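Observations on the three-dimensional arrangement
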Amino acid sequence: MRLLVVDDHGPGRRLTESEVHRAAPAIRRADALFADGYALLAPVSRAALRAAVRIAREAGTLVAFDLVPHDVDRRLPAAEAVPVLEAADVVISEVPTLARLLGLPVPCDAAGVHDMLPVLDRAVQGRPLWLLRHGPSSLEDVVAYRREHVLLEYPTGYGPGVRRTGFGDRLAAAELYWWLSLRSGGGAPGRR
């Protein structure tokens, strides 16, 4: 379950490192830690997020990170986000959001997305599975990519007549279910 309260002073921005450390046993037992970029927006919650990711990595708990808000590039420097991107097993992002954050040209078509991939490898260390959303509204298609390899490309089902509100969250839930299910069977594209 994911509860997201978006406000300049939302509760997620008050999450502290000590609260994360109290939750460390649960993080260590979890199949995955799912975090998003809203926690990066305030110094207190940024430190808490980094602590949670560190605890997860040390315990072998998988880390999934959703690069939101979509204007994160205007709210903080890339240097504040890149360490989390590098530590994640899965990163979900709209291509324009990621490109702007990293100071890259925003691709205007699928070929441009593919051209961005080698640049992404140089900009972000580690081996996250990138679930890169793109298309006219940045929701129509996904490229599943890990360092030098396009693993899968698929349409999301988003288009005319589909309600946008909540679509990205439903898509992320389905993608995470797919990823965790395949990992438990030994065939998923997890960290290697």
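Notes on the structure follow. (Residues numbered from 1 in each chain as written. Predicted model: local features only at pLDDT ≥ 70, side-chain atom pairs only at ≥ 80, totals over all residues. Heavy atoms only, no water.)

Describing unusual backbone geometry
The phi torsion of most residues other than glycine is negative, and most of the peptide bonds are trans. Counted only if it meets this: Only DSSP runs of H or I with at least four residues qualify as helices, and only runs of E with at least two residues qualify as strands; both kinds are numbered from the N terminus onward.
Residue Pro69 is reached from Val68 by a cis peptide bond, and omega for that bond is 0°. Structurally, Pro69 can be placed in the loop between strand S2 (62-66) and helix H4 (72-75). Backbone geometry at Ser138 places phi at a positive 65°, although glycine is not the residue there. The residue Glu148 is not glycine, and still its phi comes out positive at about 70°. Assignment of secondary structure puts Glu148 in the loop between strand S5 (141-146) and strand S6 (149-155).

Comments concerning the packing of aromatic side chains
In plain terms, the rule: Between 30 and 60 degrees the pair is tilted, below 30 it is stacked and above 60 it is edge-to-face, where a pair is any two Phe, Tyr or Trp rings, Trp via its six-membered ring, whose centres lie within 6.5 Å. Cation placement over rings: the criterion is NZ of Lys or CZ of Arg within 6 Å of the ring centroid and within 35° of the ring normal.
Scanning all chains against the criterion turns up 1 aromatic pair. Over the aromatic face of Tyr158 sits the side chain of Arg164, whose NZ or CZ is 5.9 Å from the ring centroid.

Some words on the side chain of Ser45
Spelled out, the test is: Classification of residues uses two cut-offs on accessible area relative to the type maximum, computed with a 1.4 Å probe and protein chains only: under 20% is buried, over 50% is exposed, and between them is partly exposed.
Residue placement: Ser45 occurs in helix H3 (residues 43-59). Under the relative-accessibility criterion, Ser45 is labelled buried at 0%.

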